[in-house]
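A structural walkthrough
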Amino acid sequence: MQRAEGLIEGFALKNYTRRTGTRTYVGGYNTRTGEIAVASSGGRFPGMAYCAEGNVCLALGGDITKVRFTNAYTVRKTGEGIFVKPKPVCESCQVDYSSPFQFRKGARRKSPGPWGEGNF
């Protein structure tokens, strides 16, 4: 999990553009194979777009029961520079991944959502 978490900041900053400025970035690992992946939200146009968690699952074989996720992050640009900052798990991911235990301990939840309020 730490390896995946450690890759997110560099990946997010490298892929940040004005067009991708609202994307979310997540890392994850496959509990069976040990493989890790980092992905952003988005997809192909026209076509399906996924949350970053969905894109991590696709990169790791597609079985959501075998994937654990890092915290979610977003990139913010201010007058002082460009920063990567944590972001709560969105309502869609709270539905798609019914167990908060698929996410790193301490991840924030976006409320209202199926998981309730606070951190887990």
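Residues numbered from 1 in each chain as written. Predicted model: local features only at pLDDT ≥ 70, side-chain atom pairs only at ≥ 80, totals over all residues. Heavy atoms only, no water.

Before going further, it helps to examine the pattern of salt bridges. Enumeration according to the criterion identifies 2 salt bridges in this entry. When the shortest N-O distance is used, the salt bridge between E5 and R104 registers 2.9 Å. Placement of the pair is E5 in helix α1 (residues 2-15) and R104 in the segment after α3 (91-96), with a sequence separation of 99 residues. Residue classification places E5 among the buried positions, given a relative accessible area of 15%. Residue classification places R104 among the partly exposed positions, given a relative accessible area of 27%. (Salt bridge = Lys/Arg side-chain N within 4 Å of Asp/Glu carboxyl O. Helix = DSSP H or I, 4+ residues; strand = E, 2+ residues; numbered from the N terminus. Buried < 20%, exposed > 50% of the residue type's maximum accessible area, 1.4 Å probe, protein only.)

Topologically, K77 is positioned in strand β6 (residues 72-78). K77 sits 59 residues away from R18 along the chain, and the two C-alpha atoms are 9.6 Å apart. If sequence neighbours within four positions are ignored, K77 has contacts with Y16 and I82. (Contact = heavy atoms within 4.5 Å.)

Glancing now at the side chain of T20. Checked against the element boundaries, T20 lands in the loop between α1 and β1 (24-30). Assessed through its relative accessible area of 12%, T20 is described here as buried. Here T17 takes part through its backbone nitrogen, which lies 2.8 Å from a polar atom of the side chain of T20. When neighbours within four sequence positions are excluded, T20 is seen to be in contact with N15 and Y25. (Polar contact = N/O pair within 3.5 Å; in protein donor to acceptor, adjacent residues only side chain to side chain.)

It is worth spelling out a nonpolar patch on the surface at this point. Taken together, the side chains of M48, Y50 and L58 present a nonpolar region at the surface, about 330 Å² in accessible area. Relative to the helices and strands, M48 is located in the loop between β3 (42-43) and β4 (49-50). Taking relative accessible area as the criterion, M48 reaches 58% and is therefore assigned exposed. (Patch = residues over 30% accessible without salt bridge, like charges linked within 9 Å, V, L, I, M, F, W, Y side chains within 5 Å. Areas by Shrake-Rupley, 256 points an atom, 1.4 Å probe, with all protein chains shown as cover.)

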